[in-house]
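# Breakdown of the fold
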Amino acid sequence: MNDASSGAPPRGGYWGPPDQGLAPAAPAGPAHDEQVAQQTRPMPIVPDVPAGGDLDDHDRGAARLSGPLFRDEMPQEPMPSEPPEPSAPQPRSQRKQQRQKKQAGRDLRAAIGVGVGLGAVIVASLFVVKAVFVGVIAVAVVVGLWELTSRLQERKGIKAPLVPLAVGGAAMVVAGYVRGAEGAWVAMALTALAVLVWRMTEPPDGYLKDVTAGVFAAFYVPFLATFVALMLAAEPDGPQRVLTFLVLTIVSDTGAYAVGWRFGKHKLAPRISPGKTREGLLGAVAFAMGAGALCMQFLIDGGSWWQGLLLGLAVAVSATLGDLGESMIKRDLGIKDMGTLLPGHGGIMDRLDSLLPTAPVVWLLLVLFVGAG
């Protein structure tokens, strides 16, 4: 029942709703008071109605908002509901897997399995047939270019031409392995030229941003990956150089994660990557320097442990900068991962982020320490 249709007297002893003329209340008696006492409940205090006049808009709204004014506005009892059925307890293995996902942000089992599988393929191709490993690099480059150009088009509307990038990128890796640094530079120049010409077949709108993104992609992915092929071509310890490069980068990332997860308190670059800490960077430096000393002493011909310390320091810095660089790209694009090809890891580019800028650093330092081979 609403206020306008109620026939019960409101608090204050007047008939009628607040916006009508006020009439004297019905006479009350003991019997009436007892009946009212049984039917009513304590009600909140409302503003007194001035005798002999209507309520203005402000007072009328205040009276309505202050609480129920009539006896028949009783609160409705909630309908009884059946108690929810107790959920079945989750298996212990499932609870442990959920804790791992919550702590690391990814499926650790899938990440470890994929990492071990990739490591086995890389090591087998690296030490069995060098040409197979060159093919592995070329495939990773093409997939990485596809992920990068796809995200650019999806998020920014930038159409970097994939066909000349993929062909030129694979050719760049092969040329670096066969012809050295000179071959890599020539292939890079031809790839950039192919991007410029290929984009001319489409309307001119957006030409500048498309070709700029294409040249950037050619430099960022295949050209930097070519330095891995340059290390592989060194004789007689080419595979050992590549293995050193991979081990130091992985150890650096692992040290950063382990130390940062356990002791990290001070953010390294909160606007770029909130998860990275200064303590994690120190862990990356310590782990990489230790691994570098061992690798240079026992894997590289003519290498020394102190050279490994410097190499490990440089790898920790370059790997961290590479990770931050791709984080900048992903934040600009508004995405978490570049792809979903690798369960627990994201995409190929999410695994190449620290490897790509580290490759030229390791190649250059190894050339300075022990020669080009």
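On a predicted model such as this, the values are computed, not experimentally measured, just so you know.

## Focus: the overall build of the protein
- Scanning the protein from terminus to terminus reveals 12 helices and four strands.
- For the protein, the proportion of its 373 residues judged to be buried stands at 38%.
- The long-range fraction of contacts in the protein, counting pairs at least 24 apart against all pairs at least 6 apart in sequence, stands at 68%.
- Split by element, the accessible area of the protein, about 21200 Å² in all, is 64% carbon and sulfur.

## So, the packing of aromatic side chains
- With the rule as written, the count across this model stands at six aromatic pairs.
- For the pair Trp185 and Phe223, a centre-to-centre distance of 4.6 Å together with 55 degrees between the ring planes defines the contact as tilted. In this pair, Trp185 sits in helix α6 (residues 162–199) while Phe223 sits in helix α7 (residues 207–233), placing the two residues 38 residues apart along the sequence.
- The exposure class of Trp185 is exposed, given its relative accessible area of 54%.
- For the pair Trp306 and Phe369, a centre-to-centre distance of 6.1 Å together with 65 degrees between the ring planes defines the contact as edge-to-face. Of this pair, Trp306 sits in helix α10 (residues 305–333) while Phe369 sits in helix α12 (residues 355–370), placing them 63 residues apart in sequence.
- One aromatic cluster is present, built from ring pairs that chain together Trp185, Phe219, Phe223, Phe227 and Trp363.
- Above the face of the Phe263 ring, Arg262 is positioned so that its terminal group lies 5.1 Å from the ring centre.

## Some remarks on α7
- Relative to the 39 Å expected for 27 residues at 1.5 Å per residue, α7 spans 38 Å between its end C-alpha atoms, a close match to the ideal helical length.
- When the local axis directions of α7 are compared, the greatest deviation, roughly 30 degrees, occurs at Phe219, which is followed within four positions by the proline Pro222.
- Within α7, 19 of the 27 residues are buried, which leaves the element mostly enclosed by the surrounding structure.

## A word on the side chain of Glu279
- Its location among the elements puts Glu279 in helix α9 (residues 278–298).
- In this structure, Glu279 is buried with no salt-bridge partner, the nearest side chain bearing the opposite charge being Arg278 at 6.8 Å.
- Apart from the residues lying within four places of it in its own chain, the contact partners of Glu279 are Val259, Phe263, Gly264, Lys265 and His266.

## Examining the confidence of the model for the protein
- On average, residues of the protein score 80 in pLDDT, and 70% of them are at 70 or above.
- Element-level pLDDT for the protein is lowest in strand β1 (residues 14–15), with a mean of 38, against a maximum mean of 97 in α7.
- Every residue in residues 100–104 is under pLDDT 50, and counting partners more than four places away or in other chains gives eight contacts.

## Some thoughts on the pairing of strand β4 (residues 273–277)
- Where strand β3 (residues 267–269) and β4 come together, two bridges link them in antiparallel fashion. Pairing of Lys267 across the sheet is with Thr277, part of β4.
- In textbook terms, the turn of a hairpin is the stretch between consecutive antiparallel strands, and for β3 and β4 this stretch comprises three residues.

## Quick look at the pattern of salt bridges
- Scanning the model with the defined rule gives seven salt bridges in all.
- One salt bridge connects Lys130 with Glu235, and the closest N-O pair in it is separated by 3.0 Å. Highlighted residues: Lys130 in helix α5 (residues 130–156) and Glu235 in the loop between α7 and α8 (238–263), separated in sequence by 105 residues.
- For Glu235, a relative accessible area of 49% gives the class partly exposed.
- The shortest N-O distance in the salt bridge between Asp332 and Lys156 comes to 3.2 Å. Of this pair, Asp332 sits in helix α10 while Lys156 sits in helix α5, and the two are 176 residues apart along the sequence.
- Classification of Asp332 as exposed rests on a relative accessible area of 52%.
- According to the relative accessible area criterion, Lys156 is partly exposed, its value standing at 38%.

## Some words on the nonpolar core
- By size, the foremost hydrophobic cluster in this structure holds 55 residues, and its most contacted members are Val228, Met231, Val242, Phe245 and Leu311.
- If you tally residues by element for this core, the top one is α7, at 15 residues.
- Once you skip the residues sitting within four places of it in the chain, Phe245 turns out to touch Val228, Met231, Leu355, Thr358, Ala359 and Val362.

## A look at the side chain of Ser327
- Mapped onto the fold, Ser327 is located in helix α10.
- Separated by 2.9 Å, the side chain of Ser327 and the backbone oxygen of Asp323 make a polar contact.
- In contact with Ser327, not counting residues within four places along its chain, are Ile272, Ser273 and Lys276.

Basis of the calculations
- Residues numbered from 1 in each chain as written.
- Predicted model: local features only at pLDDT ≥ 70, side-chain atom pairs only at ≥ 80, totals over all residues.
- Heavy atoms only, no water.
- Helix = DSSP H or I, 4+ residues; strand = E, 2+ residues; numbered from the N terminus.
- Buried < 20%, exposed > 50% of the residue type's maximum accessible area, 1.4 Å probe, protein only.
- Contact = heavy atoms within 4.5 Å.
- Areas by Shrake-Rupley, 256 points an atom, 1.4 Å probe, with all protein chains shown as cover.
- Phe/Tyr/Trp six-rings, centres within 6.5 Å; stacked < 30°, edge-to-face > 60°.
- Lys NZ or Arg CZ within 6 Å of the ring centre and 35° of its normal.
- Expected span 1.5 Å × (residues − 1).
- Bend = angle between axes of the 7 residues up to and from the residue.
- Lys, Arg positive; Asp, Glu negative; His and termini not counted.
- Salt bridge = Lys/Arg side-chain N within 4 Å of Asp/Glu carboxyl O.
- pLDDT = per-residue confidence, 0-100.
- Pairing = 2+ DSSP bridges.
- Core = buried A, V, L, I, M, F, W, Y, C linked by side-chain atoms within 4.5 Å.
- Polar contact = N/O pair within 3.5 Å; in protein donor to acceptor, adjacent residues only side chain to side chain.

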